[in-house]
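Here is what each chain is made of, one letter per residue.
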Amino acid sequence: CRCCPAVPAAAWCPFLSLPQVMTFCEIVHHTRKSFSLEQLGGVVSYLACCVADRSLPFNTQSTCVRLSLNLVECLYQVRHFHAHMLLLSLLLTSS
């Protein structure tokens, strides 16, 4: 990912087409409460790259932002330092 060069999460979905990104967001939205902290970290990193990618259409970027907001609830419920760091990375990405 150009915006997050150190993020391995972008490596596991490098070939998603536009409809696949939207499907990925739908699946994550409906299964987000069953993800581990590491999986949530990967999703947050991938969504951050999608939001920062100016080649994606605005509606795709806004879907990724909405999903990121839904993930905040899951991350907030986890009382772990890594979860708080992921929340901080979401805030820094959005600014």
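The shown structure was predicted, so the numbers you read here are calculated from the model rather than taken from an experiment.

Draft legend 1. Representation of the nonpolar core in the model. Among the nonpolar cores identified, the biggest contains 20 residues, and Leu47, Leu71 and Leu75 are the most heavily contacted of them. Top contributing element to this core by residue count: helix H2 (residues 37–52), with seven residues.

Draft legend 2. Structural context of H2. Spanning 16 residues, H2 covers 23 Å between terminal C-alpha atoms, matching the ideal 22 Å at 1.5 Å per step. Counting buried positions along H2 yields 12 of 16 residues, so the element is predominantly enclosed. For H2, every residue scored as buried is listed here: Leu37, Leu40, Gly41, Gly42, Val43, Val44, Ser45, Tyr46, Leu47, Ala48, Cys49 and Cys50.

Draft legend 3. Highlighting the packing of helix H1 (residues 18–31) against H2. Across the interface, H1 lies against H2 with an axial gap of 12 Å and an inter-helix angle of 145°. As for how H1 packs across H2, the hand of that crossing is left-handed. For the pair formed by H1 and H2, the contact residues are Val21, Phe24, Cys25 and Val28 on the first element and Val43, Tyr46, Leu47 and Cys50 on the second. Class assignment of the residues belonging to the contact of H1 with H2 gives a composition of eight nonpolar, no polar and no charged.

Basis of the calculations
Residues numbered from 1 in each chain as written. Predicted model: local features only at pLDDT ≥ 70, side-chain atom pairs only at ≥ 80, totals over all residues. Heavy atoms only, no water. Core = buried A, V, L, I, M, F, W, Y, C linked by side-chain atoms within 4.5 Å. Buried < 20%, exposed > 50% of the residue type's maximum accessible area, 1.4 Å probe, protein only. Helix = DSSP H or I, 4+ residues; strand = E, 2+ residues; numbered from the N terminus. Expected span 1.5 Å × (residues − 1). Axes fitted to C-alpha atoms, helices over the stretch in contact; angles between N-to-C directions. Left-handed = near helix turned anticlockwise from the far one by under 90°. Contact = heavy atoms within 4.5 Å. Nonpolar A, V, L, I, M, F, W, Y, C, P; charged D, E, K, R; others polar.

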